[in-house]
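Each chain, written out:
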Amino acid sequence: MFQFYTKFLLFLGITIFLSITTSVVSGQSDFDLVEIKLIDNLDDKRGFCIDIKGYKSRAKIERGLQAHTCYSYQGEIAIDQGLDANKLKKKELFFPNFDVCIHPSSYNNPLILTLIKCKNSQEFIFDKDNTIRLKNNSNLCLTVAKEESRKGGGGSPVHLMRNLSMQICNNKHSVYQNWVIRYFKKGKIFKEKLSKF
């Protein structure tokens, strides 16, 4: 009888251990990806998203960022446009599939953004006017270049790209500076205001 209880307790202990381990592993691998999209579609009806230069899993973090046709029209958020939703709530712009965050390279204007190992610090604020501002210089907003879009190498119609930098915030340039968060839920895409996120 004692041997039966010992085996039962051992079985129970292993079962509990495995269920805890499985839930921790699955919690770590579920990133809850979101994309940050310019509200105005400009010259691409699919819209422009913050994007790591290069193609999806082959994106090159050393090349930096751009505004690129949002890939979500293909039914999912691309890994080179996908930001971690939980980190985003802390105003950290973290690309989990590349293990890098968006950080300012300096506090001058125009400000170039770099992709580096995360510092676990808040660099940005999401303003109620739908702008992404630099925490240490709230006069600077994440801005898509006004120049005509460049054509990419793929997509049908072909994907478009524009430069991305921090520029002086200006209501007259809101079409280049106002952003929204998008995510998939049960196969449908949803939008959420930055300030509510």
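Remember, predicted model here, so these are calculated numbers, not experimental data.

Calculation notes
- Residues numbered from 1 in each chain as written.
- Predicted model: local features only at pLDDT ≥ 70, side-chain atom pairs only at ≥ 80, totals over all residues.
- Heavy atoms only, no water.
- Helix = DSSP H or I, 4+ residues; strand = E, 2+ residues; numbered from the N terminus.
- Buried < 20%, exposed > 50% of the residue type's maximum accessible area, 1.4 Å probe, protein only.
- Areas by Shrake-Rupley, 256 points an atom, 1.4 Å probe, with all protein chains shown as cover.
- Disulfide = S-S within 2.5 Å.
- Phe/Tyr/Trp six-rings, centres within 6.5 Å; stacked < 30°, edge-to-face > 60°.
- Lys NZ or Arg CZ within 6 Å of the ring centre and 35° of its normal.

**So, the overall build of the protein**
- Counting secondary structure elements, the protein contains three helices and 15 strands.
- Counting only residues that meet the buried cut, the protein has 41% of its 197 residues in that class.
- A total accessible area of about 11,400 Å² is found for the protein, and carbon and sulfur atoms account for 55% of it.

**A closer look at the state of the cysteines**
- This structure, assessed with the given rule, holds three disulfides.
- A sulfur-sulfur separation of 2.1 Å characterises the disulfide bridge that pairs Cys49 with Cys70. On the S-S bond that ties Cys49 to Cys70, the torsion sits near 100°, and the link is right-handed. You can see Cys49 sitting in strand 2 (residues 48–52) and its partner Cys70 sitting in the loop between strand 3 (65–69) and strand 4 (83–84), a full 21 residues away along the chain. With respect to burial, Cys49 and Cys70 carry one shared label: buried.
- The disulfide bridge from Cys141 ends at Cys169, spanning 1.9 Å between sulfur atoms. One quick way to see it: the torsion about the S-S bond of Cys141 and Cys169 is about 100°, and its sign makes the bridge right-handed.

**Some points on the packing of aromatic side chains**
- Here the structure, examined in full by the defined rule, presents two aromatic pairs.
- Residues Tyr183 and Phe190 carry aromatic rings whose centres are separated by 5.8 Å and whose planes lie at 20° to one another, so their mutual orientation is stacked.
- We note Lys56 situated over the ring of Tyr71; from NZ or CZ to the ring centre the distance is 4.7 Å.

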